[in-house]
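Breakdown of the fold
One letter stands for each residue in the lines below.
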Amino acid sequence: LVNRSDFLHALENDIKPAFGTSGEVLEHFLARGIINWGTPVSSILEDGMLFIQQARATDTSGLVSVLLEGPPNSGKTALAAQLAKNSDFPFVKVCTPEEMVGFTESAKCLQIRKVFDDAYRSQLSCILVDNIERLLDYGSIGPRYSNLTLQALLVLLKKEPPKGRKLLILCTSSRRQVLEDMEMLSAFTAVVHVPNLSQPDHLMAVLEESDVFTKKDLSALSRKIHGHRVFIGIKKLLALIDMARQTEEPYRVIKFLSKLEEEGGLDMGSSIQ
Ligand code: ATP
Ligand code: MG
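Keep in mind that this is a model prediction, so the values were computed, not measured. (Residues numbered from 1 in each chain as written. Chains lettered and ligands numbered in written order. Predicted model: local features only at pLDDT ≥ 70, side-chain atom pairs only at ≥ 80, totals over all residues. Heavy atoms only, no water.)

Closest axis-to-axis distance for the helix H5 (residues 105-120)/helix H7 (residues 147-158) pair is 9 Å, and the angle between their directions is 10°. Taken as axis vectors, H5 and H7 run roughly parallel relative to one another. The handedness of the crossing between H5 and H7 comes out as right-handed. Contact with H5, carried on its side by Glu 105, Ser 106, Lys 108, Cys 109, Ile 112, Arg 113, Phe 116 and Tyr 120, involves Asn 147, Leu 148, Thr 149, Ala 152, Leu 153 and Leu 156 of H7 and no other residues of that element. Partitioning the contact of H5 with H7 into residue classes produces 8 nonpolar, 3 polar and 3 charged. (Axes fitted to C-alpha atoms, helices over the stretch in contact; angles between N-to-C directions. Helix = DSSP H or I, 4+ residues; strand = E, 2+ residues; numbered from the N terminus. Parallel < 35°, antiparallel > 145°, perpendicular 65-115°, else oblique. Left-handed = near helix turned anticlockwise from the far one by under 90°. Contact = heavy atoms within 4.5 Å. Nonpolar A, V, L, I, M, F, W, Y, C, P; charged D, E, K, R; others polar.)

If you want it as structure tokens, here you go:
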């Protein structure tokens, strides 16, 4: 016999959302891992550990909110997911614009509200709000956005969890200026910049991690990019490496370099000292 309480129990515990459980979503965000391509990556991970400790500490306020902002493709979502994972908090929930496609403004607000309400019930909770500007329906043409969702988020970002409960909020955005204009930046405990790779050494660190290039390829690449300007997001770089992987061995290096230049990630015309 199945009664109402079984049904409610199942609804709460057994029925998985269409986009997977939060653990699965985190793993999906981290499918390609985190490559430590330089000091910016290690300092973000180190600062992240401090925020996690701060959120855990019993003598501080129960709320720590961190914004990871940086250019598109710089690795914001994956780093936020890594921090959520590092926190080891038992309750982790992800809010992404993807799972709210087609929601009305008020449905979106209700959904976000529910995530926070669930978090307040747990001792140690971590909420990852991915791509805030898209959650707010921000469009760069004709700037418009959902004021209702903005106001709801602003309230939740500032609201202390109940006494004794701890909440770590991790948000990502590639539109720092937009959030600043919406007076949202000041609502965060801390704003962390996630940069693009910007030095030949950064690029070489990623290339060496991939199993695509031979030792000989790598030294050829190192010589070619030495002294040139590099500027590319990790996500785009990994896509270019995948493309090189599909290219026949003898043309790999040349193909990779020309694609990199085409994408604006490498400026062979200029040189830096
Ligand atoms: P978008 O601007 O489209 O939201 P994003 O900045 O959120 O992009 P991610 O979606 O996080 O970028 O993509 C980064 C990809 O690079 C992920 O697949 C991640 O596993 C991989 N990656 C490897 N090394 C790193 C690193 N050091 N930092 C971040 N991501 C990394
Ligand atoms: Mg992202």
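Structure's up, so let's keep going.
Turning our attention to the pattern of salt bridges. The tally for this structure, following the rule as stated, stands at 13 salt bridges. We note a salt bridge from Lys 108 to Asp 137, for which the minimum N-O separation is 3.1 Å. Taken as a pair, Lys 108 in helix H5 and Asp 137 in the loop between helix H6 (132-135) and H7 lie far apart in primary sequence, 29 residues in all. With a closest N to O distance of 3.4 Å, Glu 263 and Lys 236 form a salt bridge. Highlighted residues: Glu 263 in the loop between helix H12 (252-262) and strand S7 (266-267) and Lys 236 in helix H11 (residues 234-246), separated in sequence by 27 residues. We classify Glu 263 as partly exposed; its relative accessible area is 40%. Salt bridges sharing common partners tie together Arg 32, Asp 211, Asp 242 and Arg 245. (Salt bridge = Lys/Arg side-chain N within 4 Å of Asp/Glu carboxyl O. Buried < 20%, exposed > 50% of the residue type's maximum accessible area, 1.4 Å probe, protein only.)

Right, let's get into the sheet that holds strand S1 (residues 63-69). Read from one edge to the other, the open sheet built from 5 strands follows the order S2-S3-S4-S1-S5, with strand pairing classed as parallel. Whereas interior strands pair on both sides, the edge strands pair on one side only; in this sheet they are strand S2 (91-95) and strand S5 (190-193). With direction set aside, neighbouring strand axes in the sheet form an average angle of 15°. On top of the sheet, helix H2 (residues 22-29) reaches S2 and strand S3 (124-129); it is set at about 65° to S2, its chief contact. (Pairing = 2+ DSSP bridges.)

All right, on to the nonpolar core then. Generally speaking, soluble globular proteins have nonpolar side chains that are buried together. In this structure, Ile 132 and Met 184 are the most contacted members of the largest nonpolar core, which totals 31 residues. Those elements giving two or more residues to this core turn out to be S1, S2, H5, S3, H6, H7, strand S4 (166-173) and helix H8 (176-181). In this structure, Ile 132 is in contact with Leu 153, Cys 171, Thr 172, Leu 179, Met 184 and Phe 188, ignoring residues within four places of it in sequence. Residues Ala 55, Leu 124, Cys 126 and Leu 168 belong to the second largest nonpolar core, which totals 28 residues. (Core = buried A, V, L, I, M, F, W, Y, C linked by side-chain atoms within 4.5 Å.)

We now examine the domain arrangement of the protein. Domain parsing of the protein yields domain 1 (4-193) and domain 2 (200-267). The straight-line distance from the C-alpha centre of domain 1 to that of domain 2 is 33 Å. Listed per partner, the contact involves 8 residues of domain 1 and 12 residues of domain 2. Buried surface at the junction of domain 1 and domain 2, summed over both partners, amounts to about 890 Å²; 67% is from carbon and sulfur atoms. Our count for the domain 1 to domain 2 interface comes out at 1 salt bridge. Our count for the domain 1 to domain 2 interface comes out at 3 residue pairs in polar contact (both at pLDDT 80 or more). Grouping the constituent residues of the side of domain 1 that touches domain 2 by class yields 3 nonpolar, 4 polar and 1 charged. (Domains from an automatic or database assignment. Buried area = accessible area lost by both parts, 1.4 Å probe. Polar contact = N/O pair within 3.5 Å; in protein donor to acceptor, adjacent residues only side chain to side chain.)

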